[in-house]
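The lines below spell out each chain.
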Amino acid sequence: MEPVQIGFWVIAGLVVVALLFDFMNGFHDAANAIATVVSTGVLKPHQAVAWAAFFNFVALFVFQLKVASTVGKGIIDPTVVDHYLIFGALLGAIAWNVVTWYYGIPSSSSHALIGGIVGAAMAKAGTEPLIAAGIWKTVAFIIISPLLGYVLGSMILVVVAWICRNKTQRRVDKWFRRLQLVSAALYSLGHGGNDAQKTVGIIWMLLLAAGVTAHGDPVPIWVVVTCYMAIGLGTLFGGWRIVKTMGQRITKLKPVGGFCAETGGAITLFLATSLGIPVSTTHTITGAIVGVGSVRRTAAVRWGIAGSIVWAWILTIPCSALVAAGGYWLGRSIM
């Protein structure tokens, strides 16, 4: 494939837009990482976002770039990528993030980006460039990641309840207020490791298409570092509108429940990232919170709130794909 002729300032502008998406991803998903630790009273909001942002960035040194490879080469055929497609994909993802942030809906930035890539690619070349294996793997984890979070969160709570069966509530709370700092750190590591790499992948797409990076070369280190910094800064500013939904409206959490939900979510994210699967941290932690709440009693979960969140999950990919298709044609007219 011959590199697409793309001007320096167009490349630079799209990299800035991609980093803006990454920042918004952290901003939008901050609630996922901090909602439980804030709602249980273990940390104050400003302490929690600083804690989460730090471990978002530290994930740079923990995970291989398998998710970036999936996004950059495993969703659509890289040979169809040009600057119009990247512009449309980012526009679709950012637009959906803004809408869901405004209404306080904990939707998936990850799936908004995947939907954006698919929608822009289809606007350019129909279904031919789509890579079914990568898309179906991502779509499957819309169901698998919250289900795994649910199972792990509930199982960990059952085990913890058995271990602490002869301990007083006050003593248990004291222990888990400290342990929740560890679980929040692990969850933030998983969040940074999976989500920052999605932006690494789309910038990598752009650089490959423009011939700035050869197909056999590794991802430039500046791309990796800036993407992890952007998501960490986004988390630091925090998505406050979504904190209440995640931390209190789905179910009421105590420190032990927060620990179990975060630990179950972290295990799920570590597994998905090691397999190179771009998953939704939002889906994952929501499933874990629901699992913890349902162990206490089914009525402890506000299923109406959870149901509205599921509808947002279902609509994310098609809605962001539709906007991205329009963004592709807009890009062709203005760039």
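Throughout this document, residue positions are counted from 1 along each chain, in the order its sequence is written. Owing to the predicted nature of the model, reporting of local features is limited to residues with pLDDT of at least 70; listing and counting of side-chain atom pairs is limited to 80 or more, with chain, interface and lining totals taken over all residues. Each side-chain value is derived from all of the structure's non-hydrogen atoms; neither hydrogens nor water enter the calculation.

Right, let's talk about a nonpolar patch on the surface for a bit. Two distance rules govern patches: like charges are joined within 9 Å, and nonpolar side chains (Val, Leu, Ile, Met, Phe, Trp, Tyr) within 5 Å, applied only to residues with over 30% relative accessible area and no salt bridge. Accessible areas in this description were obtained via Shrake-Rupley with a 1.4 Å probe; residue shielding takes into account the shown protein chains only. Salt bridges, as used here, are contacts in which a Lys or Arg side-chain nitrogen is within 4 Å of a carboxyl oxygen on Asp or Glu. Together, L91, V323, L330, I334 and M335 line one region of the surface with nonpolar side chains, adding up to about 380 Å² of accessible area. Secondary structure elements follow DSSP: runs of H or I no shorter than four residues count as helices, runs of E no shorter than two count as strands, and numbering proceeds from the N terminus. The greatest single-element share of the nonpolar patch, amounting to 3 residues, is contributed by helix 12 (residues 303-334). Following the sequence through the fold, L330 ends up in helix 12. Accessibility here uses a 1.4 Å probe with only protein chains present; expressed as a share of the type maximum, an area under 20% marks a residue as buried, one over 50% as exposed, and anything in between as partly exposed. Residue L330 is classed as partly exposed on the basis of its relative accessible area, which comes to 38%.

On to the packing of helix 3 (residues 66-73) against helix 7 (residues 169-210). Fitting a line to C-alpha atoms yields each axis, with helices limited to the stretch in contact; the angle taken between N-to-C directions then spans 0 to 180 degrees. Contact geometry for helix 3 and helix 7: axes closest at 7 Å, N-to-C directions at 45°. Here helix 7 runs oblique to helix 3, going by the angle between their axes. Like other packed secondary-structure pairs, helix 3 and helix 7 cross with a definite hand, here right-handed. Listed contacts from helix 7 to K66, V67, A68, S69, V71, G72 and K73 of helix 3 are N194, Q197, K198, V200, G201, I202, W204, M205 and L208. Three categories are distinguished: nonpolar for Ala, Val, Leu, Ile, Met, Phe, Trp, Tyr, Cys and Pro, charged for Asp, Glu, Lys and Arg, and polar for the others, with Gly belonging to the last. Residues belonging to the contact of helix 3 with helix 7 are distributed by class as follows: 8 nonpolar, 5 polar and 3 charged. Just so you know how the angles are binned, under 35 degrees is roughly parallel, over 145 roughly antiparallel, 65 to 115 roughly perpendicular, and the rest oblique. Should the near helix be turned anticlockwise from the far one by less than a right angle, the crossing is termed left-handed; should it be turned clockwise, right-handed. Here, residues are in contact when the closest pair of their heavy atoms is within 4.5 Å.

Attention now moves to the nonpolar core. Nonpolar side chains tend to gather and get buried jointly when the protein is soluble and globular. Counting residues in each nonpolar core, the largest one holds 58 residues, and the members touching the most others are I76, I86, I117, I202 and I203. Of the residues forming this core, the biggest block, 13 residues, is contributed by helix 7. Once residues lying within four places of it in the same chain are set aside, the contact partners of I202 are A18, V71, I86, A89, L90, L113 and I117. Formed by 21 residues, the second largest nonpolar core is a distinct cluster that contains V172, L269, I285 and I289. As used here, the term nonpolar core means buried Ala, Val, Leu, Ile, Met, Phe, Trp, Tyr and Cys residues forming a set that is joined through side-chain atoms within 4.5 Å.

Given a rise of 1.5 Å per residue, 20 residues ought to cover 28 Å, and the 28 Å separating the end C-alpha atoms of helix 10 (residues 255-274) matches this to within 8%. In terms of burial, helix 10 is a largely internal element, 16 of the 20 residues being buried. G276, located one to two residues past helix 10, shows a positive phi value of around 75°. Take the number of residues in a helix, subtract one, and multiply by 1.5 Å to get its expected span.

With that settled, the discussion passes to the environment of T273. Within the fold, T273 resides in helix 10. Taking the relative accessible area as the measure of exposure, T273 reaches 1% and is therefore buried. For the pair T273 and G190, spaced 83 residues apart in the sequence, the C-alpha separation amounts to 7.6 Å. Setting aside residues no more than four positions away along its own chain, T273 makes contact with F63, K66, V67, G190, G193, N194 and Q197. Polar side-chain contacts of T273 include one of 2.9 Å to the side chain of N194. The definition of a polar contact used here is a pair of N or O atoms within 3.5 Å, where within protein one atom must be able to donate a hydrogen and the other to accept one, and adjacent residues in sequence count solely through side-chain atom pairs. Here the side chain of T273 touches L269 through a polar contact of 2.8 Å, landing on its backbone oxygen.

Glancing now at the pattern of salt bridges. Counted by the stated rule, this structure contains 2 salt bridges. For K124, the salt bridge goes to D82, with nearest N and O atoms at 3.0 Å. In this pair, K124 is assigned in helix 5 (residues 109-125) and D82 in the loop between helix 3 and helix 4 (83-102), connecting sequence segments 42 residues apart. On the basis of relative accessible area, K124 is assigned to the partly exposed category, the value being 33%. Owing to a relative accessible area of 6%, D82 belongs among the buried residues under this scheme. For D195, the salt bridge is made with K198, and the minimal N-O distance between the two is 2.5 Å.

Before going further, it helps to examine the packing of helix 4 against helix 5. Look at helix 4 against helix 5: their axes get within 7 Å of each other, and the N-to-C directions meet at 140°. Judged on the interaxial angle alone, helix 5 and helix 4 are oblique. For the element pair helix 4 and helix 5, the recorded crossing hand is right-handed. Contacts between helix 4 and helix 5 pair L85, G88, A89, L90, A93, W96 and N97 from the former with S109, A112, L113, G116, I117, A120, A121 and K124 from the latter. Each residue belonging to the contact of helix 4 with helix 5 can be placed in one class, and the counts come to 10 nonpolar, 4 polar and 1 charged.

Attention shifts here to the side chain of T70. Note on placement: T70 falls in helix 3. Looking at T70, the relative accessible area reads 10%, which means it is buried. Every residue in contact with T70, bar those within four places of it in the chain, is listed here: I75, K137, G276 and P278.

Here the focus is a positive patch on the surface. For the charge count, each Lys or Arg is scored as positive and each Asp or Glu as negative, with His and the chain ends excluded. Throughout, a charge is located at the NZ atom of Lys, the CZ atom of Arg, the CG atom of Asp or the CD atom of Glu. Positive charge collects at one region of the surface, where R165, K167, R170, R171, K174 and R178 lie side by side. Structurally, the position occupied by R165 is in the loop between helix 6 (132-163) and helix 7.

What follows covers the packing of aromatic side chains. Two rings from Phe, Tyr or Trp (for Trp, the six-membered ring) form a pair when their centres sit within 6.5 Å of each other. Planes less than 30 degrees apart are called stacked, planes more than 60 degrees apart edge-to-face, and all others tilted. Under the counting rule described, the total for this entry stands at 8 aromatic pairs. Where Y328 meets W329, the ring centres are 5.1 Å apart and the plane angle is 75°; that geometry is what we call edge-to-face. Y328 gets classed as buried once you look at its relative accessible area, which sits at 3%. Through a chain of ring-to-ring contacts, the aromatic side chains of W51, F54 and F55 assemble into a single cluster. Remark: a charge is flagged as sitting over a ring if the NZ atom of Lys or the CZ atom of Arg is within 6 Å of the ring centre and within 35 degrees of the ring normal. The aromatic ring of W162 is capped on one face by R165, whose charged end is 4.2 Å from the ring centroid.

Purely geometric stuff here, so don't read any function into it on its own.
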